[in-house]
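Residues per chain, in single letters:
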Amino acid sequence: MEHGAWLTGSLIYLAAAVIAVPVARFLGLGSIIGYLGAGILIGPWGLKLVTRPEDMLQFAEFGVVLMLFLVGLELEPQRLWALRKPIFGWGTVQLFGSALLLALGALACGIDWRLAVVAALGLAMSSTAIGLGVLAERNVMATTSGEAILSVSLLQDIAAIPILALLPFLAVGVGGEAGAGGGWLGAAKAIGTIAIVILGGRLLLRPALRWIAKSETPEIFTAASLLLVVATAALMNAVGLSMALGAFLAGVLLAESEYRRELETDIEPFKGLLLGLFFIAVGMSIDFAVVLAQPVSIAAVVVAFLLVKAAVLWAMARLMPIPQLERPVFIILLAQGGEFGFVVFQTAAQAGVISAPVSSFLLAAVTISMLLTPLMLVAADRWWIPFLAGGRKPTAGLELKEPQHAPVIIAGFGRYGQIVGRMLFANGVTPTVLDHDAEAIEALRKFGWRVYYGDATRLDLMRTAGADQARVIVVAIDDVEQSVDCAKMIRANFPNASVVARARNVQHYYELHELGVTLIERETLDSALMSARSALELLGWQPHQARNLSLRFRRHNVAQLAALAPHRQDEARLIAAAKQGRQQLEELFAIERQQAAERQSRAGWSGTAEP
C-alpha cells in the first residue's frame, strides 16, 4: 500500500510538471509560473490530488539548498570577498530599510507593535529560489543586476540568525517563556556552526573528495556530493540556521577545488527536479480559504508591501551602478515575499508572538506575491522595459539574424573583450561581437562596431555569427562556466577556427587547456608584469633590462604552467615542480645579473647602470 501511495504521488507530481511547464513556456510565461500553476491545479483547492502540500514543501526545499550550493561553486572566495560591500551594504539597506517602512506603516494602522515587527521582517524577505532561478533561466547571473540580487539574497540568508534569535524576545510579555539566555545561546551556536563549516571545509573537504575520487566509482562520487550538501544543511538546520546558507558556504569553499566541475555535473539534475517540486509545493500551499474569507485585506497587504519594497529598491537601483534596462528585473525579483517568510511566521506563531489565523493570513500574502512575480516579469518584458528603452524592445534590432562573415568573432565584450576589439579595429579588422548587455551594444554600434545581442554558448547563434568561416574566435566571456562551455562547443563544432581565450585564474586556464585550447592568456599576468617593470625601473634598473626580465619571467611562467597541466591533480608533483621552476628562474636571473655587471661600462637605454 505504501509503495502504491509513493508511486501515485510521483505520478501526480511528474505528470503535472510535464504538462504545465511546457504549456507555460509556450505561452511565454516561463517555467516557474508553470510549476506554480501545476501546484494550484493538483492541490487541495484544485483537483485535490494532493491534500498535504506541507510534506512536499519540506522535502522540496532541498532544491533551494542545492541551488545555493551550485551558486557557491561559482563564487571563489576572492570574488565573494569582493562582494562584501554589496552584501552587507546594499543587502542591509534593502532588508532593514523595507522592514522599517513596513513596520511604521503597520503601526500607523493601529497594529500591535510585536505583530508589526514580525510581519515587517517576514515580508521584507525575498524569494531566493525564484530570484536566482529566474537569473539562471535568463542567463543573466553575471550581469550587474544579477550580482546585486545575489548579494541581497545572501544578506537575507545571513540575517536569518538574528531574526530567529529575536522572535523569542518578542514572545516575552505575551505568554512566552523565552529568555535572553536562549537567544544568546542560539546566536553563539549559530556562529560556532558557521566556523565549523568554514574550518572543516578548508581542512577536510578536499582530502575527503580526493580519497573518494580514487575509488574511480562515479556513483559513489555522486553520493558523496549529495552527502556533502545534506550534511551541511542538516548541521545548519540543527542550530536553527538557513540550510541554504550552509550549502552556499560549502560551495564557496570548493569553488577553487579540482572537483568543482564534477560536483556541478553530479548535482545539477537533482537541483532542477527538486526546485521544480518546490515551486509546485508553493502553489499547493496557497490557503484559498483565507484568501476567499478576506480577499480585500489580503490584496491590500500584498499591494502595500510590494509597493513599499519596490520604492526602496527603486531608490537603491538609482544609487547602485545598475543599468536602467536591468532595474525592472532587479526590483521585481526582490520586491516579492520569500520562502523564509514561511519560517518567520510559523516560528512566531509557535512562540505565541502572533496567532495562527494571522500567520495563515501572512503566509497567503507571501505566497500570492511569489505567484505574481513571474507574471510581473512578463509584464515588465512586454511594457516596462520597452518603455525605458524608448517604446521598443531593448534588444530589438540588436539580435543576430543575418549570417556574418568576419574573420574574427569575439564572444563577450566586457573590459577584456573591448581591448582586444579596439586593437583589431585600429588595425583594420572589424570583428563580429556577441554580448548580452543591450545598452553597451547600442552605444558601441554608434561607432561602427558589428555588435549583436546573444548568448555565445548557443551553437545556432555561433553558426549565424560565421564561426564556420571564422579564422579566429576570441573567448572573452566573464563567467568561467560559460567561458568553458563556449570553448567546448567551439572545439567540438568549429575545428578550423583558432581559439584565443581569456582565463580568469589558473584553474580556469587548466580547464581551457584540457579542452585543447592552447592560446590562453590570464587576465592579470601582463598587467602585473608591467607593474613589476615599473617598480624595477623606479629602483634603478635600466628600462631594457626590466623589459627583458619581465619577458623572460613571462615565458618561464607560461611554459611552467603548460608543463604542470597534466599533473594538476597531483599535489606533491605540483609542489615539487613549482619549487624546481622557481630555482631555475632564480639561477637564470643570477646569470643575467652577472652578465649585466660585466657590461656596466656600457650604458643602457636610459644611460643608468643597473644597481
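Keep in mind that what you see is a predicted model, and the values were worked out from it rather than measured.

Visitor: Would you explain the overall build of the chain in this entry?
Guide: Along its length, the chain carries 27 helices and six strands. For the chain, the proportion of its 611 residues judged to be buried stands at 47%. Within the chain, contacts between residues separated by at least 24 positions form 75% of all contacts whose residues are at least 6 apart in sequence. Carbon and sulfur atoms form 63% of the exposed surface of the chain, whose accessible area is close to 29,400 Å².

Visitor: I'm lost on the pattern of salt bridges in this one. Help?
Guide: Here the idea is simple: oppositely charged side chains can pair when their charged atoms come close. One pass over the structure, following the stated rule, counts five salt bridges. Between Glu-523 and Arg-502 there is a salt bridge whose closest N-O contact spans 2.6 Å. Here Glu-523 is found in the loop between β6 (519–522) and α25 (525–538), whereas its partner Arg-502 is found in strand β5 (residues 498–503), with 21 residues between them in sequence. The salt bridge involving Arg-554 is made with Asp-526; its shortest N-O contact spans 2.6 Å.

Visitor: Could you clarify how one ought to interpret the confidence of the model for the chain in this entry?
Guide: In this model, the chain carries an average pLDDT of 76, and 75% of its residues clear a pLDDT of 70 or more. Here residues 172–182 scores under 50 on pLDDT; set against residues more than four positions off or in separate chains, the count is 11 contacts. The model gives residues 605–611 a pLDDT under 50, and that stretch makes 19 contacts with residues more than four places away or in other chains.

Visitor: I tried to follow helix α24 (residues 506–514) on my own but got confused; where do I start?
Guide: The α-helix winds at 3.6 residues per turn, so residues separated by three or four positions along the chain end up facing the same way. What α24 keeps buried is the set His-508, Tyr-509, Tyr-510, Glu-511 and Leu-512. Just past α24, the residue Gly-516 takes up positive phi, approximately 95°.

Visitor: Even after reading the chapter, I still don't get the pairing of β6, so can you show me in this structure?
Guide: For a regular strand, the rule is simple: side chains alternate between the two faces of the sheet. Burial of the side chains of β6 is restricted to one face: Ile-520 and Arg-522 are buried, whereas none of Leu-519 and Glu-521 on the reverse face is. Sheet topology note: the β5/β6 ladder contains four bridges and is parallel. When the sheet's bridge partners are listed, Ala-501 is paired in β6 with Ile-520.

Visitor: Looking at this model, I keep getting lost on the pairing of β5. Mind explaining?
Guide: Where strand β4 (residues 472–475) and β5 come together, four bridges link them in parallel fashion. Counted as the bridge partner of Val-475 is Ala-501 from β5. Remark: the β4/helix α23 (residues 480–493)/β5 crossover connection has right-handed handedness. In the classification by handedness, the crossover that spans β5, the intervening α24 and the parallel β6 is right-handed.

Visitor: Would you explain the nonpolar core in this entry?
Guide: A general feature of soluble globular proteins is that nonpolar side chains tend to end up buried together. Counting 111 residues, the largest nonpolar core has Phe-69, Val-118, Phe-279, Ile-280 and Phe-330 as the members making the most contacts within it. It is helix α19 (residues 356–388) that contributes the most residues to this core, 12 residues altogether. Each residue touching Phe-330, except ones within four places of it in the same chain, is listed here: Ser-145, Ala-148, Ile-149, Leu-313, Met-316, Ala-317, Met-320 and Ile-322. Ranked by size, the runner-up nonpolar core spans 29 residues in total, among them Met-462, Cys-486, Ile-490 and Val-499.

Visitor: How should I be thinking about a nonpolar patch on the surface in this particular structure?
Guide: Together, Leu-100, Leu-101, Leu-104, Leu-107 and Trp-113 make up an exposed nonpolar region whose accessible area comes to about 500 Å². No other element matches helix α6 (residues 84–108), which puts four residues into the nonpolar patch. By secondary structure assignment, the location of Leu-107 is in helix α6. Looking at Leu-107, the relative accessible area reads 41%, which means it is partly exposed.

Visitor: Explain the packing of aromatic side chains to me, please; I cannot follow it from the model alone.
Guide: How two aromatic rings sit relative to each other is set out by the distance from centre to centre and by the angle between their planes. Within this structure, the stated rule accounts for one aromatic pair. Consider the rings of Tyr-509 and Tyr-510, whose centres lie 5.9 Å apart with planes at 70°: the pair is edge-to-face. Judged by relative accessible area, Tyr-510 falls into the buried class, the value being 6%.

Reading the values: rules and limits
Residues numbered from 1 in each chain as written. Predicted model: local features only at pLDDT ≥ 70, side-chain atom pairs only at ≥ 80, totals over all residues. Heavy atoms only, no water. Helix = DSSP H or I, 4+ residues; strand = E, 2+ residues; numbered from the N terminus. Buried < 20%, exposed > 50% of the residue type's maximum accessible area, 1.4 Å probe, protein only. Contact = heavy atoms within 4.5 Å. Areas by Shrake-Rupley, 256 points an atom, 1.4 Å probe, with all protein chains shown as cover. Salt bridge = Lys/Arg side-chain N within 4 Å of Asp/Glu carboxyl O. pLDDT = per-residue confidence, 0-100. Pairing = 2+ DSSP bridges. Right-handed = clockwise from strand over helix to strand, strands pointing away. Core = buried A, V, L, I, M, F, W, Y, C linked by side-chain atoms within 4.5 Å. Patch = residues over 30% accessible without salt bridge, like charges linked within 9 Å, V, L, I, M, F, W, Y side chains within 5 Å. Phe/Tyr/Trp six-rings, centres within 6.5 Å; stacked < 30°, edge-to-face > 60°.

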